[in-house]
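For reference, the chains in residue letters:
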Amino acid sequence: MMVYVVVAYDIPSDKRRTRLAKTLLSYGERTQWSVFEARLTRAQYASMRREIQQIVDTEEDVVTIYFLTSEAQKRTFRIGNVALPKMEEPDFV
């Protein structure tokens, strides 16, 4: 079973922000400077979440993970760089 997630973050530390971006690149694709999208197995999601928790400072940083259903993905559109590859629909609700 796959999940489709959008990860957005606000991290003031350059070091932690760079480390998080590199980590997220190993799971998905960057769609904006602090936004990533990924289609993951539940095991990959759990691994990504553990890595995020090891990087962030919960006193200063904010990381939000949004789960998008296939219906929500159908109602999502981009204005601008629409050349990003379309990801397959997830298998979960």
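Refer to the structure printed above.
To keep things clear, this report deals only with the structure shown in the data block. Treat the numbers as computed from the prediction; the structure is a model and nothing was measured.

1. As for the packing of aromatic side chains
By the definition in use, this model includes two aromatic pairs. Seen in terms of ring centroids, Tyr9 and Phe36 are 6.3 Å apart; in terms of plane orientation they differ by 25°. Their pairing is stacked. Placement of the pair is Tyr9 in strand 1 (residues 2-10) and Phe36 in strand 3 (residues 35-41), with a sequence separation of 27 residues. On the accessibility criterion, Tyr9 (7% relative accessible area) is buried. With relative accessibility at 2%, the residue Phe36 sits in the buried group.

2. Points about the pairing of strand 1
The element strand 1 is largely enclosed, with a buried count of seven among its nine residues. Relative to strand 3, strand 1 is paired through seven bridges, and the arrangement is antiparallel. Each residue of the ladder has a partner; that of Val3, found in strand 3, is Leu40. Direction of pairing for strand 1 relative to strand 4 (residues 62-67): antiparallel, over a ladder of six bridges. Among the inter-strand pairings, Val5 is bridged to a residue of strand 4, identified as Phe67.

3. Notes on the layout of surface pockets
The space that makes up the second largest pocket amounts to roughly 160 Å³. If you trace the second largest pocket, you find it lined by Tyr45, Arg49, Ile52, Gln53, Val56, Asp61, Val62, Val63 and Ile65. For the lining of the second largest pocket, the secondary-structure elements that each account for two or more residues are helix 2 (42-55) and strand 4.

So, how was this worked out
Residues numbered from 1 in each chain as written. Predicted model: local features only at pLDDT ≥ 70, side-chain atom pairs only at ≥ 80, totals over all residues. Heavy atoms only, no water. Phe/Tyr/Trp six-rings, centres within 6.5 Å; stacked < 30°, edge-to-face > 60°. Helix = DSSP H or I, 4+ residues; strand = E, 2+ residues; numbered from the N terminus. Buried < 20%, exposed > 50% of the residue type's maximum accessible area, 1.4 Å probe, protein only. Pairing = 2+ DSSP bridges. 1 Å grid on protein atoms, 1.4 Å probe; cavity = no way out; pocket = protein on both sides within 12 Å on 5 of 7 lines; lining within 4 Å. Points joined across faces, edges and corners; volume = space filled by probe spheres on them.

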